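Structure assessment
Here's the letter readout for the chains.
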Amino acid sequence: MLLLFTQQVSPRISYVFKHICTRVLGVEVTFTSSIDTFIGHQGPKASYGAMSLGNELFFQSQGILLEHGVESQEITVKPWEETKGFFAVSDQSALPFDIFAASFYLLSRYEEYLPHVKDAVGRYPSKESLAYKNQFLQTPIVDVWALKLKAVFVAAFPDMAFQKKESENHLFIQAEEPYRYKTKGFLRALFSYSVDLFGGRFRELFNRTRVISGMRRDPYDRFKYLITASKNANYKLSFFFLLGEAREYLNGVTTYKNKFRQVIKYVADYTEVGLVISAKAQKDVEMEIGQDFTMCFANKPGFRAGTCTPFLFYDLDFEIKTPLIIAPIAGISSSFDNYEKENIKNIILHLKREVKQVDGHFILGLSNSCFGNAKDGKFWRSILTETL
């Protein structure tokens, strides 16, 4: 156990130290603002603040962890051995950067609360992020910093115990559109036929008819294959189905159809099932969600929050740590849309190596539609068998 002295135990300090020390390094941390308690403690201890108390292990603070609300921060990213750092501090500190302040900035998505121009669908643009601009988006930099902190602890407290953290691979399938042609309902099917006919899409018309008539398997129906492939694989598998209306009318499914319910039941018999919640469903239904799988950039692979370790969501609006667990996604299908296939494979291998080096969680999200045609399906099947 580590005892940390700080003049004020703010919610931000408690949040980020528990993430780095406990979640990443496996060391319990407690806090005190009492100098007498700190001096009397016989085990590993350190202080965090503007100045040290004496000769103790000291980490100098940048200041953001004692602030409230969101303000524009002056940030300069500098090289730091094999990695990078920001929020530099004096050489009195055991580390040259305030990794706790920097980690909080990334984990809380502080920059996304600052004024910015949203993309076409109202999201924070990946190109505006500090990680993208400074070429560390594909590095779980918070976990890398944590290992540097561990080296400092080991040097100061050779007997300090660290709980072993196991690396994990996790593939989740976004089945927002479980079937390409089935379970669309009469009106959607009729409208789709009209679009195909008047648009001259006769191959699509032919394929749709064959699937609906039962002569051919729906191209998006790859659930049995994915479940079978995962049985002897080195990754955890889960599926997410859409709750609510699809973004586009023709891509929607009729959720009261027995076929739709049957596929969810079939998948749930073998693996975990979750929900992709549409914007309308979020407004109409009060949700109690325990884990979130949206922490990624839709158009760039990498670590949006700078970590590959699941973390608790910190609400900057209310300055509280919430019980919602955020899964750090390395990439989803759309993240790779602008890359050549060979580059995609290399990027996935690189991200997986980065995660392995810090014993983190490598989480990849693919759509069931990735496996829906001969050309793309073969490529993504090779990712499952050769990369994951």
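Look above for the structure.
All figures in this text were calculated on a predicted structure; none of them were measured in a lab.

Quick look at the overall build of the protein chain
- Looking only at helices and strands, one finds 12 helices and 14 strands in the protein chain.
- Taking all 388 residues of the protein chain together, 50% fall into the buried category.
- Relative to all contacts within the protein chain whose residues are 6 or more apart in sequence, the contacts with residues 24 or more apart total 73%.
- Surface accessibility of the protein chain: about 19,700 Å² in total, with carbon and sulfur atoms responsible for 52%.

What to know about the environment of W145
- With respect to the helices and strands, W145 occurs in helix α5 (residues 141-156).
- Along the backbone, W145 and F100 are 45 residues apart, and their C-alpha atoms lie at a distance of 9.1 Å.
- Contact partners of W145, with chain neighbours within four places excluded, come to W80, T83, K84, G85, F86, I99, A102, S103 and L106.

Structural notes on the pattern of salt bridges
- Under the definition given, this model contains 15 salt bridges.
- Put simply, R109, E111, E112 and R304 are held in one network by salt bridges that share partners.

Looking at the sheet that holds strand β11 (residues 311-315)
- Strand order across the open sheet formed by 3 strands is β10-β12-β11, with mixed pairing between neighbours. Edge positions in the sheet fall to β10 (291-295) and β11, since each of these pairs with one other strand and no more. Strand-to-strand twist in this sheet, taken as the mean axis angle between neighbours without regard to direction, amounts to 55 degrees.
- Those strands touched by helix α1 (residues 11-24) are β11 and β12 (320-328), and its axis lies near 170 degrees from that of β11.

Remarks on the sheet that holds strand β8 (residues 236-243)
- Strand order in the open sheet formed by 5 strands is β9-β8-β7-β14-β13, and the pairing between neighbours is parallel. Two strands lie at the open edges of the sheet, namely β9 (272-277) and β13 (331-332), each paired on one side alone.
- The sheet contact formed by strand β7 (residues 168-175) and β8 spans 6 bridges and is parallel. Residue pairing across strands places L171 opposite L237, the latter belonging to β8.
- In the packing of helix α8 (residues 223-230) onto the sheet, the strands contacted are β7 and β8, and the crossing angle to β8 comes to about 155 degrees.
- On the sheet, helix α9 (residues 258-268) packs against β8 and β9 and is oriented at approximately 160 degrees with respect to β8.

Some remarks on the packing of aromatic side chains
- Taken as a whole and judged by the stated rule, the model has 26 aromatic pairs.
- Ring geometry for F172 versus F240: centroids 5.5 Å apart, planes at 75 degrees, classification edge-to-face. Note that F172 is positioned in strand β7 and F240 in strand β8, a separation of 68 residues in sequence. Across this residue pair, the class does not change: F172 and F240 are buried.
- Ring geometry for F172 and F293: centres 5.4 Å apart, planes at 65 degrees, overall edge-to-face. A residue pair is termed long-range when its members are at least 10 positions apart, and F172 in strand β7 and F293 in strand β10 qualify at 121 residues. Across this residue pair, the class does not change: F172 and F293 are buried.
- Positioned above the aromatic ring of W80, the side-chain terminus of K148 is 5.0 Å from the ring centre.
- Sitting over the face of the ring of F379, K341 holds its NZ or CZ atom 5.6 Å from the ring centroid.

A short note on unusual backbone geometry
- Of note in this structure, E319 is not a glycine but carries a positive phi near 55 degrees.
- Looking at the element boundaries, E319 is found in the loop between β11 and β12.
- A residue is classified by how much of its surface remains accessible, and E319, at 13% relative accessible area, is buried.
- The backbone phi angle of D359 is positive, close to 55 degrees, even though this residue is not glycine.
- Structurally, D359 can be placed in the loop between α11 (341-357) and β14 (361-367).

How each quantity is defined
- Residues numbered from 1 in each chain as written.
- Predicted model: local features only at pLDDT ≥ 70, side-chain atom pairs only at ≥ 80, totals over all residues.
- Heavy atoms only, no water.
- Helix = DSSP H or I, 4+ residues; strand = E, 2+ residues; numbered from the N terminus.
- Buried < 20%, exposed > 50% of the residue type's maximum accessible area, 1.4 Å probe, protein only.
- Contact = heavy atoms within 4.5 Å.
- Areas by Shrake-Rupley, 256 points an atom, 1.4 Å probe, with all protein chains shown as cover.
- Salt bridge = Lys/Arg side-chain N within 4 Å of Asp/Glu carboxyl O.
- Pairing = 2+ DSSP bridges.
- Axes fitted to C-alpha atoms, helices over the stretch in contact; angles between N-to-C directions.
- Phe/Tyr/Trp six-rings, centres within 6.5 Å; stacked < 30°, edge-to-face > 60°.
- Lys NZ or Arg CZ within 6 Å of the ring centre and 35° of its normal.

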